[in-house]
Amino acid sequence: MSNRKDTELEQEQAKSRRRIPDVAPLLGFLVLLTVFFTFTSPYFLDPDNFKNIFVALAVTGIICVPGTMLMIAGQVDLSVGSAAAVSGMILANVVNDYGITTGLLAVFAFGLVLGIVNGFFVTVVGVNSLITTLGTLATLYGIALLIGNGQTLMMKNFEWLGTAQPAGIPLPIFIFFFIAIIGIITLRRTRFGRSLYAIGSNPNAARVVGIRSNRILFASFILSGLSSALAGAILTSQLSAGDPNAARGLELEVITAIVLGGASLAGGRGTMWGTIIGLTTIGVLNNGLILLDVPTFWQRVAQGLMLILAVSFDATRERLASKRR
Amino acid sequence: MSNELVSLQGIHKSFSGVEVLHGVDLTLGAGEVLALLGENGAGKSTLVKILAGDIEPTSGSIEIKGTKLAKLDVYQARQLGIRMIFQELNDAPALTVAENIFLGQWPHSGPFVGWSEMAKKAQEVLDRLEVDIPVDAIAGQLRVGERQLLEIARALTQDTKVLVLDEPTAALSNVEVERLFSVMDQLRAEGVGMIYITHRLDEVARVADRVQVLRDGSSVLTVDAKKASREDLVSAMLGHASEKNVRPQLHDTSEPALKVSGLTSFAEFTNVNFTVNKGEVLALFGKIGSGTAEICESLFGLRPITGGNVEIFGKVYKAKSAADSADQAIGYLPADRQRLGSFPVRSVAENLAVRSWQKMGRFGFVNRLLEHQAFSRWADALRIVSRGSTQTISTLSGGNQQKVLLARWFEAQVKILLLVEPTRGVDVGARRDIYEIIREQAQSSGMAVLVATSDYEEVVLLADRALVLSRGEVVSELTGNSVEASKLIAASS
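So, how was this worked out
Residues numbered from 1 in each chain as written. Chains lettered and ligands numbered in written order. Predicted model: local features only at pLDDT ≥ 70, side-chain atom pairs only at ≥ 80, totals over all residues. Helix = DSSP H or I, 4+ residues; strand = E, 2+ residues; numbered from the N terminus. Buried ≥ 20, exposed ≤ 12 C-beta atoms within 10 Å, placed from the backbone. Core = buried A, V, L, I, M, F, W, Y, C linked by C-beta atoms within 7 Å. Contact = placed C-beta atoms within 7 Å. Pairing = 2+ DSSP bridges. Axes fitted to C-alpha atoms, helices over the stretch in contact; angles between N-to-C directions.

**Things to note about unusual backbone geometry**
Although it is not a glycine, D293 of chain A adopts a positive phi angle of roughly 60°. Mapped onto the secondary structure, D293 of chain A falls in the loop between α13 (272–291) and α14 (297–324). A count of 7 C-beta atoms within 10 Å places D293 of chain A in the exposed class. Even without glycine at this site, F266 of chain B takes up a positive phi of about 45°. Within the secondary structure layout, F266 of chain B lies in the loop between β13 (256–265) and β14 (269–277).

What follows is the structure in structure tokens.
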């Protein structure tokens, strides 16, 4: 039994750690951004503008849900952007010739296969997920270009998935919210979600305690593949065309949102809510820059800087935590 | 004393307003070994970190080789020849043995590392330690005990005046421990002063000249090591007269839970036979590497079984994976808590409930309230000191962490529990607590417990029966009151 002073010390340390919730600084930053854009642009607070912000986020957001799960388990899927591009090319091709249902089936079949491939290499072969998915990212980008011979493919009669507005709210937003809620519940309340935290926190202990880590990671990669496919389908429907370059750099946005939201790169920590706030921050920043007529190239610059900021924050927090321990 | 190397006087130290050292004095002469004893949290580590310049004392004076120092920082401490060897490894696992021995101080000419010179010097040091490790081996592929010796070798290559060893023997086999002690004898003859921190009282008389005991941040006893009796030391550490090593009440059951016959795994252990009955605690005693821990690993499915068979409640069971075994209501507590046991950044409640989520909700859901309640229940029953169910487990003391990990399997209602070195890194007071808890649980739930340990005191205090292993074979069985320290040691060596 530890003596009393030891315990007091521990409690003191624990208290100081508890004082700052992980997402508090980010939330503060988001509020600052909102205030800033409210004063600098008359259009910012317009409800239609908020609709724009979230439509722009929905595609990324859908991928962020399994992305957060993977990050919590200490894994990363970089292939999401290329996967969305390939999905779009498949969809445009198949819908034109065989109709919408077949098109969607083909897209989800592709997402499933991709998830199985990524999952196989990570869990069965044992390749680091960063490298595995970097490989699939490059391969799939090539495939996306091959399918359309480097060209954009027009798609007919399937705009509703990306542009319908039931009850005045765009369908992609509904889909994103629906998936995000499933994500929140899964992470907080299911065995699957809790196992992800355990695996990320200490993969060896997870194995020794009898968690079937490989199955869980495999399933997560499949979810990631399926969600990339869905995101690609929505994007293609919005554009009415399959564009091999439409989803370039999407993985960067996804990872930025997740890390901004407080998920630890080392695994074991993170929440769906955090990711949603991270995502919103990126959306507000992008939107505000457009409203202020900043050239779009600056969005890329801002996003890159945000990612560096987010990982620095993560690293600083880890270091502080280990110092206090 | 004219040859006094170190003199710390009236050292006080506070962390965030809490004083952890209340005016401690410590002296160390040249060629002297001072054993520093105390429970976890008594202030030993803080005290030696002050000596290493790692921590600045709140008040008190530091004198090294007769010179009073206003301030001591890490760099200065190194200049003065003060070296520390920690329990945890501080090496570069990807580099070679030679590189590790000269880590950061590689022999060089200009910008080029002198590889052949380094290999030669490294070999000299290893010969001096009588260690048979190739200098070009990769450190990460060595056993933990061997890597520990590399750290000692590193200290030897530098001009060391004062050597602090913080529980260096925890991961060493008996042979390696003896080798370390003979090196310490050598260093003593060369006039190096050593502070030796340990949990193992039997090492004190072997290695130390003087013993100092810390309790709650104060020095409570300083005596000649030859005159210190075991009882005196224990009572000084605990602050009250310790109970004698009394054998526990034996459990008399005859319903077999786990039956092992002819069990073999390559050369790790061969032809092992035993039965553990319901409610019984059977100890497998032997040095590290004798096969005790390996048997538990194989039974749980972490190591392949190459021969023999295992029966659980009369049915043949072949463990394929840890997950299979856990589903069969078998529990396993690994020796390496940090690496294999706990989920460091997660809460105590989660760490405890991880094996019980299935019964804490339906359709794959987990009810957090049940998780919280389970923790409160076990925290009361096992006297786990924590701030509450949401506290991160890594902020608990070692003994409390271990209780959480034990409760993990109790809550999961396992029928067979495999424990490997269940009190490693746990202080003396909490040890007895843990023995009592394990015995209570075994008796009340009829759980069969198998303990692999290299600590004979643990066997005496915990087990109903003991098998002694040596080089992977069972060499003797002790039952009832014949489970004695002297017999265990005699049988294992």
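**Observations concerning the nonpolar core**
Formed by 167 residues in total, the largest nonpolar core has its most connected members in C296, I416, L418, V449, V451, V459 and A466 of chain B. Here this core takes 14 residues from helix α3 (residues 47–72) of chain A, the largest share from any one element. Sequence-distant contacts of V459 of chain B, that is, excluding residues within four places in its chain, are made with A283, F285, T453, A466, V483 and L488 of chain B. With 66 residues, the next largest nonpolar core counts I11, M184, V207 and L214 of chain B among its residues.

**Examining the sheet that holds strand β9 (residues 162–166) of chain B**
Where strands meet in a sheet, backbone hydrogen bonds hold them as pairs that are either parallel or antiparallel. All names here are of chain B. Sheet architecture is open: six strands sit in the order β6-β9-β10-β3-β11-β12, paired in mixed fashion. Looking at which strands have only one partner, the edges of the open sheet turn out to be β6 (82–85) and β12 (218–224). Each strand axis lies, on average, 20° off the axis of its neighbour in the sheet, ignoring direction. For strand β3 (residues 33–37) and strand β10 (residues 193–197), the ladder comprises four bridges, and the chain directions are parallel.

**A look at the sheet that holds strand β18 (residues 330–333) of chain B**
All names here are of chain B. Across the sheet, which stays open at both edges, the six strands sit in the order β18-β19-β20-β15-β21-β22 with mixed pairing between neighbours. The two strands at the open ends of the sheet, each matched to only one other strand, are β18 and β22 (473–479). Averaged over neighbouring strand pairs, the angle between their axes works out to 15° when direction is ignored. Pairing of strand β21 (residues 465–470) with β22 involves six bridges; the strand directions are antiparallel. Residue pairing in the sheet places A466 in a bridge with L478 of β22. Sheet strands in contact with helix α9 (residues 292–300) are β15 (281–285), β18, β19 (416–420), β20 (448–453) and β21, and its direction is about 140° off that of β20.

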